[in-house]
Structures are given as C-alpha cells and as structure tokens.
Amino acid sequence: MSAEDDPSTGGALRVRRRPARPRAAVLVLHGGRAESRGTARPWQLAALRMHPFLRALEAATGRDDVFLGQVRYRSRGWNGAAAEPLRDTRRALAELRGLVGDVPVVLLGHSLGGRAALRAADADRVRGVMALAPWCPPGEPVAQLRGRDVLVLHGDRDRVTDPAESAAYIVRARAAGARAGMLLVANGDHAMLRHPTRWHRTASAAVGHLLAPETAPREPFVRALAAAEPPVLRTARRTSSGPAPGPVREPGC
C-alpha cells in the first residue's frame with residue numbers, strides 16, 4: 001500500500017509498506033532546520049535524501065513482515081523548546097501502534113531527524129535507533145536511551161553536525177545504560193553524498209541488526225558497540241593528507 005493510498009497519510013505517519021501481519025516496524029525521519037516555521041514538504045531536499053535509504057530498507061527487510069513508514073513533520077524546524085519534530089515522531093508512533101499493534105520498532109533518522117529519533121527512544125516498543133549524522137548538541141538528554149540499542153553513523157568531514165559531539169553523546173548514552181556504538185565514514189559529508197552506497201548499505205544492515213540482534217549480527221556493529229573510539233569505515237584512499245576541516249556549528253540541515 002502506498003503512502004498516497006493509505007488513510008493515515010493525513011496524520012504524522014506516512015506508510016511506505018504495510019504487510020498483512022507485521023512482526024516489526026521501521027520508521028524513517030528526515031532532517032530539517034534548527035529554526036523554521038515553514039511547512040515541511042516531501043519534495044524538499046531533506047526529505048528527498050532519505051529516498052535511497054527507504055529503497056535500501058525495502059530490499060534489506062522482510063517484505064512480508066516488516067512495516068516501513070516515514071514520519072511527516074508539520075514544520076521544517078526544531079524550534080527550540082517546542083521540539084516540533086519530536087512531537088510529530090511521538091504522534092507517528094501512536095498512529096503506528098493503532099495500525100499494527102505492539103510490534104518492535106526501529107527508528108532511523110538523519111540530522112534533526114536523528115535527534116528526534118534519539119529523543120523518542122523511550123516510547124513503548126522502540127527497540128533501537130539508527131542515527132545518521134545526528135544533531136547531538138552538548139547537554140542533549142540520554143536517560144531515555146536506557147535499555148535501548150543505539151548505533152550512530154557519522155561522516156568524519158561533516159561540516160554541519162559535529163561527529164565529536166556524536167561520539168561524546170555515545171559515551172554518555174553508555175553511562176546511562178544504553179547499548180550504544182558509533183561508526184565513522186571516512187571522508188563522509190553531512191548530506192551523505194560522498195560514498196552513498198556505504199551509507200545506504202551500512203544503515204540498512206544496522207537496522208537489520210537492531211531488528212534481530214540475536215540472529216543478524218554484523219561485525220562492524222559489534223565492533224562499534226565494544227570500541228572505546230569509533231571505528232572508521234574506509235571506502236576509498238584519501239586524496240589529501242591534510243586534517244579534516246572542523247564542523248560549522250549551524251545544526252540541522
């Protein structure tokens with residue numbers, strides 16, 4: 001059933017695939033802006049850059065038993081204490097439960113969507129979070145991650161969100177009782193345009209691992225969960241020996 005055909009599309013949940021008897025669900029959250037009251041639209045770049053991830057998830061997860069959906073934001077911005085994408089994510093989770101019942105859920109979010117996914121991890125039935133280049137400012141809460149599985153994938157040349165802040169967040173999440181780890185994409189950028197296949201395959205494999213950690217282990221993720229420092233996924237030889245540029249501290253995308 002397509003999102004256009006499904007009656008739930010008037011709410012916060014956009015349906016991508018709805019099996020007759022789902023055993024699990026994956027929700028995808030795109031990025032946005034730190035501040036914006038503009039309406040979020042599916043043709044905006046932040047939403048469009050998640051389409052390859054949706055296709056990868058469709059191929060990598062069980063077509064007959066894994067529900068696949070997207071969170072629809074009302075506005076493009078986080079907007080300070082309003083945390084509007086977080087509210088929309090919680091609404092989407094409630095709508096999801098009404099559609100498929102109490103099945104395990106994995107959240108996959110990019111940038112601002114990664115922040116919303118990590119914040120919403122305490123919702124009933126959320127098993128884990130896959131966060132892509134998440135916006136994790138200092139002081140971001142981690143108590144909600146206790147007992148959850150968390151994997152972060154961040155480009156080491158990201159100039160929008162800071163991979164060092166993601167690494168610090170993972171340290172704090174572990175201290176709070178999360179099973180958390182992080183992988184770095186060598187030469188990876190925030191928009192995930194460099195080495196896109198690496199991003200898509202790693203993210204979809206991570207979701208598979210989070211859906212079934214006992215039966216679908218993935219060596220890089222096991223290594224990430226155990227490592228004190230984030231392991232680096234190298235996709236190509238560096239063309240420059242110079243240091244990676246530092247992040248521009250303008251969160252969101």
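Preceding block: the structure.
Every value quoted in this text rests on a predicted model; they were computed, and no experiment measured them.

Would you mind showing me how to read the overall build of the protein here?
Looking only at helices and strands, one finds seven helices and eight strands in the protein. Within the protein, the fraction of its 253 residues that count as buried is 57%. Put simply, of all contacts in the protein between residues at least 6 apart along the chain, 73% involve residues at least 24 apart. By element, 51% of the accessible surface of the protein is carried by carbon and sulfur atoms, the whole surface being about 11,100 Å².

Any chance you could explain the side chain of D189 here in plain terms?
Assignment of secondary structure puts D189 in the loop between β7 (179–185) and α6 (196–211). For D189, the side chain forms a polar contact with the main-chain nitrogen of R194, separated by 3.1 Å. When neighbours within four sequence positions are excluded, D189 is seen to be in contact with R157, D158, R194 and W199.

What exactly am I supposed to notice about the sheet that holds β7 here?
Hydrogen bonding along the main chain pairs the strands of a sheet, whether they run parallel or antiparallel. Reading across the sheet, the eight strands line up as β1-β3-β2-β4-β5-β6-β7-β8 and stay open at both edges, with mixed pairing between neighbours. Two strands in the sheet have a free side with no partner beyond their single neighbour: β1 (13–17) and β8 (232–233). Alignment of strand β2 (residues 24–29) against strand β3 (residues 66–71), held across five bridges, turns out to be parallel. In the strand pairing of β3, V28 is matched with Q70. Helix α2 (residues 51–60) contacts β1, β2, β3, β4 (105–110) and β5 (126–132) of the sheet and is inclined by roughly 50° relative to β1. Packed onto the sheet, helix α7 (residues 219–226) meets β6 (149–155) and β7 and runs at close to 115° relative to β7.

Looking at this structure, how should I read the pattern of salt bridges?
It is possible for side chains of opposite charge to pair when their charged atoms get near one another. Counted by the stated rule, this structure contains 11 salt bridges. Across the salt bridge formed by D65 and R23, the nearest N and O atoms sit 2.8 Å from each other. Of this pair, D65 sits in the loop between α2 and β3 while R23 is found in the loop between β1 and β2, placing the two residues 42 residues apart along the sequence. Accessibility expressed as a relative area gives 24% for D65, which makes it partly exposed. Put simply, R97 and D102 hold a salt bridge, and the shortest N to O gap is 2.6 Å. In this structure R97 comes out as partly exposed when scored by relative accessible area, which is 45%. Because the salt bridges share partners, they merge into one network encompassing R74, D88 and R91.

What's the story with the nonpolar core in this structure? I'm lost.
General note: in soluble globular proteins, nonpolar side chains tend to be found buried as a group. In terms of nonpolar packing, the biggest core is built from 44 residues, with L27, F67, L93, L96, L107, L118 and L145 touching the most fellow members. Membership of the second largest hydrophobic core comes to 29 residues, among which are V106, M130, V185 and L211.

Where do I start with the packing of α2 against α6 in this structure?
Each pair of packed helices gets described by two things: the angle between the helix axes and the distance between those axes. Relative orientation of the contacting elements α2 and α6 amounts to 45°, with a least axis distance of 9 Å. The angle between α2 and α6 places the two elements in the oblique class. The way α2 lies across α6 gives a crossing that is right-handed. Listed contacts from α6 to P52, F53, A56, L57 and A60 of α2 are W199, H200, A203, S204 and V207.

How should the environment of L118 be read in this particular structure?
With respect to the element layout, L118 can be found in helix α4 (residues 112–119). Residues L118 and A131 lie 13 residues apart in sequence; the distance between their C-alpha atoms is 7.5 Å. Those residues within four positions of L118 in sequence are excluded, and the remaining contacts are V129, A131, P134, C136, Q144, L145, V150 and Y169.

What is the right way to read the pairing of β5 from this model?
Side-chain direction in a regular strand flips from residue to residue, so the side chains alternate between the two faces of the sheet. Of all seven residues in β5, six are buried, a share of seventy percent or more. Note: β4 against β5, six bridges, orientation parallel. Within the sheet, the bridge partner assigned to V105 lies in β5 and is V126. Following the chain from β4 across α4 to the adjacent parallel β5, one finds a crossover that is right-handed. Bridging between β5 and β6 involves five bridges; their strand directions are parallel. For A131, the partnering residue across the bridge sits in β6 and is V152.

Scoring rules and cut-offs
Residues numbered from 1 in each chain as written. Predicted model: local features only at pLDDT ≥ 70, side-chain atom pairs only at ≥ 80, totals over all residues. Heavy atoms only, no water. Helix = DSSP H or I, 4+ residues; strand = E, 2+ residues; numbered from the N terminus. Buried < 20%, exposed > 50% of the residue type's maximum accessible area, 1.4 Å probe, protein only. Contact = heavy atoms within 4.5 Å. Areas by Shrake-Rupley, 256 points an atom, 1.4 Å probe, with all protein chains shown as cover. Polar contact = N/O pair within 3.5 Å; in protein donor to acceptor, adjacent residues only side chain to side chain. Pairing = 2+ DSSP bridges. Axes fitted to C-alpha atoms, helices over the stretch in contact; angles between N-to-C directions. Salt bridge = Lys/Arg side-chain N within 4 Å of Asp/Glu carboxyl O. Core = buried A, V, L, I, M, F, W, Y, C linked by side-chain atoms within 4.5 Å. Parallel < 35°, antiparallel > 145°, perpendicular 65-115°, else oblique. Left-handed = near helix turned anticlockwise from the far one by under 90°. Right-handed = clockwise from strand over helix to strand, strands pointing away.

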